[in-house]
Amino acid sequence: MRAPDFRVPAVGPDNPEHQARLLELWEGEPGLKGFLSTVDHKKIGIRYIVTAFILLVLGGIESLVMRWQLASPNAHVLTPDQYNVLFSTHGMTMIFLYASPILSGFSNYLWPLMFGSRDMAFPRLNALSYWIYLASAIFLYVGFLTGNGPNDGWFNYVPYATRDYNPGLNQDFYSLGMVFLGTSTTMGAANFIVTAFRTRCPGMSINRVPMLLWGTLTANVANLLVVPAVSLAFFLLWLERQFGTHFFDHSNGGQPLLWQHLFWMFGHPWVYAIVLPAMSMVSEGLPVFCRRPLVGYSVVALSTVATMILGFGVWVHHMFATGLPGLGLSFFSGASIAIVFPSAVAIFAWLATIWLGRPVITTAFLYFASMILMFVIGGVSGFMTASVPVDWQLTDTYFVVAHIHYVLIGINVFPVLGAVYYWFPKMTGRLMDERLGRWNFWITFIGFNLAFLPMHLTGLFGMPRRVYTYGPDMGWNTLNMITTIGSFVLALGVLLFIVNVVKSLRTGAAAGANPWDAATLEWSIPSPPPPYNFGVIPIVASRHPLWEGRLTEATATSSLDRGFLLDEGKETMGTSALDAEPNMILEMPEDTLAPLLLTVGVSILFVGLLLKLWTAVAAGAVVAAVAIVMWLWPRAQLREREPEPAQPPQREPRHA
Amino acid sequence: MREVAIADVPKLPVGPVGRQGLGSWGMGTLIATEAALFAYLLFAYYYLGATAQPHWLLEPHPALKLAVPNTIILLISSGAAWLGERGVLQRRRGEALAGFGAATVLGIVFVVIQYFEWHAKPFKMGASSYASLYFVTTGFHIAHVLIGILVLMALFVWTALDYFSPRRRLTVTAGAFYWHFVDVVWLFLFTTYYVTPYLGFGQ
């Protein structure tokens, strides 16, 4: 019988019989096929986190080798060429392959759980963006392992990146790999945006959303608009190297600065894209341990958005030393300094939350709270270099290296480690070891500051970045030794973290649904959550549905145990963008191999482009096309088309 | 803000109905990111043109003999795609097939004429930064046109299979939306590469 095109969604209480029915609908296949075809956001989220963490460890090992080389003057651990490849690969790994994907992983896992929904808006696209991320990471690392890693720094300035100066495959691997990775980031961004606006449970109007929405949504709107700039820059570079175009070479009307403009139009918003979601994790977790709501929810949300809007107009502060006209420099300097205001709003909101709350000191709290300190240090050094004369003094010195590490380790890695302590119980059902956690935190914290606080001085004393060694009488010996010792201590901290994760996975105490007594919806369901997340789609009436008894903010009570059943297929609720009023029933796709097949096709295509094997390019394109047709063919199950023409009616005997 | 009362929830569409559905939002994000890509390509043109030495344009007054008719062909093709969509909306399958078919054919004609236009240019891609930008930017557009043609062909086949109704037709609306976008982008490219030289840019 034909299913109706419209229906009133049934409402009822959550119960075991209903849950069994949902489990049958939502549970993926076991075994290898299930592994390769899953579209479950929780599995994909954890894959993102694990993959990004492995890349963090690889990038960390690369940095240790470099610090070994720099520990003493005139060392010969690495040749200059090896050093070039290592620092470039380290930057590429940390900035592109770790910092953004790890945050995508958390939001991927957490968003539907926080929104009272059963999956992301586009589950198959979600699987595709993970597979492409993995494939492009492998592509880039194959370059590194075959001696063709990037060798011109992560921002890869021309003309050194062009073929005359760089004849090997290094830059081709990097260029094509970055275009490849960019498709994954863009698809992820589209998915986050639509998920944020259309799949929040009824009642979760835009003023009640969890803070994590603000950071991740803002970052991904930016990604959608700026990733094309860097993909284009790298694509033009590849054309310049392989097909004799003239975008960047001055003798034929090109402009080396075109590269810098395109790169930093992307690059600076990207810096915010890899910190704003992490800041939102702090806004999410810190208040829970302070036992009160975040102070200034609305201004923090607005300042998140304001940071990004300003962030679109500051890219030239990476180019102060390139001889641009003074008026332009003043404008970009002013805009960069203005970013202090929204950043300070967040800082004071967190401080006030601690001040007005009753902090419970856990490892997660320590990671979140210490991030505030490092944000201030990294923010102040950023504020300093926003001033043109100071930047001229400090550009290309270790001061800038210290700044970027305070920003990226301080505001990305520390919140991420805190987030693992905070959400690990939800993901695995087990708590992490707190005692080991304290050791882990303090060693990481001391190691990091020991490594990077003195580095500001190294820069002020004039040591240029990206040199493979230095003379013994420059006055940099002690500082470099301290930094090397600090970085090994930091590495020990990360090692302890891994030990804690492995140990807690096996022997951690059972967590229960809500070990931290937190307020948001992900803590209202079992740990780990069932495949369908929520037995009934809840209806929320406040920002803190699980704290309603204690707070006076709610005018009504949320309904968590009674809600929309939506069990006539793989279904979840679609709601309006701002008010989150129910406006459609979403039919969700089944598991499918199409995303993986498409990834295989596109991978073959990129390898073909790299080696200029045009038959491989064509073969890859054909595989990709088949996968896309398979994927997009309108399906009756998803109500993308009318069902088959009417068949003879098959009536089942009715049992009244 | 109004509270959601469970008893108030009306009949809701199951899956995409009309133009309402996540697919419209998905196509919107795709178009936003593609529009950004072309904006960066045009930025590269205006930036290089503004900072270049005199006589940057290799063809100070670009020939319009092929480009103007081709622009009109593409615009008509957009109209044909719109007719195709209207055919689906009004349950007139013949009109829908004619619309998508005509849009596809006109799209192919556009590609063929663009091929001759490339050959008629007195320079090759490696001649200068202007030449590189011209071929790469129009090349990006042609790549989008080719994908648009595949989309129109798919809509043709699916309409022929009688998949759609005025209610279940989000795929049609999204596909036609993409094709209109490809046309609008061309208007920006045409203005930049064929009109601004006559206004004095890059001379």
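Just so it is clear, the structure is predicted and the values come from calculations on it, not from any experiment.

Student: How should the overall build of chain A be read in this particular structure?
Tutor: Check the secondary structure of chain A and you find 19 helices and 6 strands. Relative to its length of 656 residues, chain A is compact, with a C-alpha radius of gyration of 26 Å against a globular reference of 26 Å. With respect to the principal axes defined by its C-alpha atoms, chain A has extents near 95 × 65 × 50 Å. Counting across all 656 residues of chain A, residues that qualify as buried make up 55%. Counting only contacts in chain A whose residues sit at least 6 apart along the sequence, the fraction spanning at least 24 positions is 79%.

Student: Which parts of the structure should I look at to understand the overall build of chain B?
Tutor: When you go through chain B residue by residue, the secondary structure sums to 5 helices and 1 strand. Traced from its N-terminal end to its C-terminal end, chain B shows the element sequence β-α-α-α-α-α. At 21 Å, chain B has a C-alpha radius of gyration far larger than the 17 Å of a compact globule built from 203 residues. When burial is assessed residue by residue, chain B has 40% of its 203 residues classed as buried.

Student: Looking at this model, I keep getting lost on the domain arrangement of chain A. Mind explaining?
Tutor: All names here are of chain A. Each assigned domain of chain A is listed here: domain 1 (34–507) and domain 2 (593–637). Across the contact, 13 residues belong to domain 1 and 12 residues belong to domain 2. Taken together, the elements giving at least two residues each to the side of domain 1 that touches domain 2 come down to helix H2 (31–37), helix H5 (123–145) and helix H6 (170–198).

Student: Where do I start with the packing of helix H2 (residues 67–89) of chain B against helix H3 (residues 93–120) of chain B in this structure?
Tutor: Two measures define how a pair of helices packs: the angle their axes make with one another and the distance between the axes. Residue and element names in this part refer to chain B. Where H2 meets H3, the closest approach of the two axes is 7 Å, and the angle between their N-to-C directions is 160°. Relative to H3, the element H2 lies roughly antiparallel. In this structure, the crossing between H2 and H3 has a hand that is left-handed. Here the contact of H2 with H3 is built from residues that sort into 16 nonpolar, 7 polar and 3 charged.

Student: Which parts of the structure should I look at to understand the confidence of the model for chain B?
Tutor: Parts of the prediction with low pLDDT should not have their coordinates interpreted in detail. Predicted confidence across chain B gives a mean pLDDT of 94, with 97% of residues reaching 70 or more. Scored by ipTM, the complex comes to 0.96, with pTM at 0.96.

Student: What is the right way to look at unusual backbone geometry in this model?
Tutor: Apart from glycine, the bulk of residues carry a negative phi angle, and the bulk of peptide bonds sit in the trans form. The peptide bond linking A:Val158 to A:Pro159 adopts the cis configuration, its omega dihedral lying at 0°. Here A:Pro159 is to be found in the loop between H5 and H6. Following A:Ser527, the chain continues to A:Pro528 via a peptide bond in cis, the omega torsion being -15°. By the secondary structure assignment, A:Pro528 is in the loop between helix H17 (477–507) and strand S3 (537–539). Look at A:Asn74: it is not a glycine, yet its phi comes out positive at around 50°. By secondary structure assignment, the location of A:Asn74 is in the loop between helix H3 (41–70) and helix H4 (80–114). For A:Asn74, a count of 8 C-beta atoms within 10 Å puts it in the exposed group. Within the chain, B:Asp162 stands out as a residue other than glycine whose phi angle is a positive 60°. When you line up the elements, B:Asp162 lands in the loop between helix H4 (129–160) and helix H5 (170–195). The exposure class of B:Asp162 is exposed, given the 12 C-beta atoms found within 10 Å.

Student: So what exactly am I meant to see when it comes to the interface of chain B and chain A here?
Tutor: Interfaces are often sized by the accessible area lost when the parts come together. Contacts between the two partners involve 47 residues from chain B and, on the opposite side, 54 residues from chain A. The set of elements that each furnish at least two residues to the side of chain B that touches chain A consists of strand S1 (12–13), helix H1 (22–51), H4 and H5 of chain B. With 15 residues, the top contributor of residues to the side of chain B that touches chain A is H1(B). Considering only residue class, the side of chain B that touches chain A consists of 30 nonpolar, 12 polar and 5 charged.

Student: Is there a simple way to explain the pairing of strand S5 (residues 571–575) of chain A in this structure?
Tutor: If a strand is regular, its side chains alternate between the two faces of the sheet. Residue and element names in this part refer to chain A. Among the 5 residues of S5, 5 are classified as buried, and the element is accordingly described as predominantly covered. Here S5 runs beside strand S6 (residues 582–587); their pairing, made up of 5 bridges, is antiparallel. Residue pairing across strands places Thr 575 opposite Pro 582, the latter belonging to S6.

Student: In this structure, what is going on with the environment of A:Asp5? I would like to understand it.
Tutor: Residue and element names in this part refer to chain A. Checked against the element boundaries, Asp 5 lands in the segment before strand S1 (6–7). In this structure Asp 5 comes out as partly exposed when scored by C-beta crowding, with 15 C-beta atoms within 10 Å. Sequence spacing of Asp 5 and Glu 642 is 637 residues, and the spatial spacing of their C-alpha atoms is 10.0 Å.

Student: When you look at the environment of A:Thr195 in this model, what are you seeing that I'm missing?
Tutor: When you line up the elements, A:Thr195 lands in helix H6. Those residues in contact with A:Thr195, other than ones at most four positions away along the chain, are A:Trp111, A:Met120 and A:Ala121.

Student: I tried to follow the pairing of S6(A) on my own but got confused; where do I start?
Tutor: Within S6(A), 5 of the 6 residues are buried, which leaves it mostly tucked inside the rest of the structure. Where S5(A) folds back on S6(A), the antiparallel hairpin that results is connected by 6 residues, among which A:Ala580 adopts a positive phi of roughly 55°.

Student: It is not clear to me how the sheet that holds strand S4 (residues 559–564) of chain A should be interpreted in this structure. Could you clarify?
Tutor: Two pairing modes exist for strands in a sheet, parallel and antiparallel, and in both the strands are linked by backbone hydrogen bonds. All names here are of chain A. Judged by pairing direction, the sheet is antiparallel, and its 3 strands sit side by side in the order S2-S4-S3 without closing on themselves. Whereas interior strands pair on both sides, the edge strands pair on one side only; in this sheet they are strand S2 (11–13) and S3. With strand direction ignored, the average angle separating the axes of adjacent strands in the sheet is 50°. With 2 bridges connecting them, S3 and S4 associate as antiparallel partners. Across the sheet, the residue bridging to Ile 539 is Ser 559, located in S4.

Student: Explain helix H8 (residues 256–273) of chain A here, please?
Tutor: In an α-helix there are 3.6 residues to a turn, and that puts residues three or four apart on one side. Residues and elements named next belong to chain A. A rise of 1.5 Å per residue sets the reference length of H8, with its 18 residues, at 26 Å; its end C-alpha atoms lie 26 Å apart and thus fit the reference within 8%. Trp 264 marks the point of greatest bend in H8, at about 30°. Most of H8 sits out of view: 15 of its 18 residues are buried.

Student: Would you take a moment to explain the nonpolar core for this structure?
Tutor: Residues and elements named next belong to chain A. Ranked by internal contacts, the top residues of the largest apolar core, which has 241 residues, are Ala 233, Leu 262 and Phe 266. Here this core spans two domains, since at least three of its residues come from each of domain 1 (34–507) and domain 2 (593–637). Discounting residues that sit within four places of it in the chain, Phe 266 has contacts with Val 226, Val 227, Ala 229 and Val 230.

Student: Where do I start with the packing of H3(A) against H17(A) in this structure?
Tutor: Residues and elements named next belong to chain A. It is at 9 Å that the axes of H3 and H17 come closest, and there the two elements cross at 155°. Comparing their axes, H17 and H3 come out roughly antiparallel. Handedness of the H3/H17 crossing: left-handed. Contacts between H3 and H17 involve Gly 60, Ser 63, Leu 64, Arg 67, Trp 68 and Leu 70 from the first element and Asn 480, Thr 483, Thr 484, Ser 487, Phe 488, Ala 491 and Val 494 from the second. In the contact of H3 with H17, the residues fall into 6 nonpolar, 6 polar and 1 charged.

Student: Sorry if this is basic, but what is going on with the environment of A:Leu169 here?
Tutor: Turning to its location among the elements, A:Leu169 is positioned in the loop between H5 and H6. Among the residues examined, A:Leu169 registers 17 C-beta atoms within 10 Å and is labelled partly exposed.

Cut-offs and rules
- Residues numbered from 1 in each chain as written.
- Chains lettered and ligands numbered in written order.
- Predicted model: local features only at pLDDT ≥ 70, side-chain atom pairs only at ≥ 80, totals over all residues.
- Helix = DSSP H or I, 4+ residues; strand = E, 2+ residues; numbered from the N terminus.
- Rg over C-alpha atoms; globule rule 2.2 N^0.38 Å.
- Buried ≥ 20, exposed ≤ 12 C-beta atoms within 10 Å, placed from the backbone.
- Contact = placed C-beta atoms within 7 Å.
- Domains from an automatic or database assignment.
- Axes fitted to C-alpha atoms, helices over the stretch in contact; angles between N-to-C directions.
- Parallel < 35°, antiparallel > 145°, perpendicular 65-115°, else oblique.
- Left-handed = near helix turned anticlockwise from the far one by under 90°.
- Nonpolar A, V, L, I, M, F, W, Y, C, P; charged D, E, K, R; others polar.
- pLDDT = per-residue confidence, 0-100.
- Pairing = 2+ DSSP bridges.
- Expected span 1.5 Å × (residues − 1).
- Bend = angle between axes of the 7 residues up to and from the residue.
- Core = buried A, V, L, I, M, F, W, Y, C linked by C-beta atoms within 7 Å.

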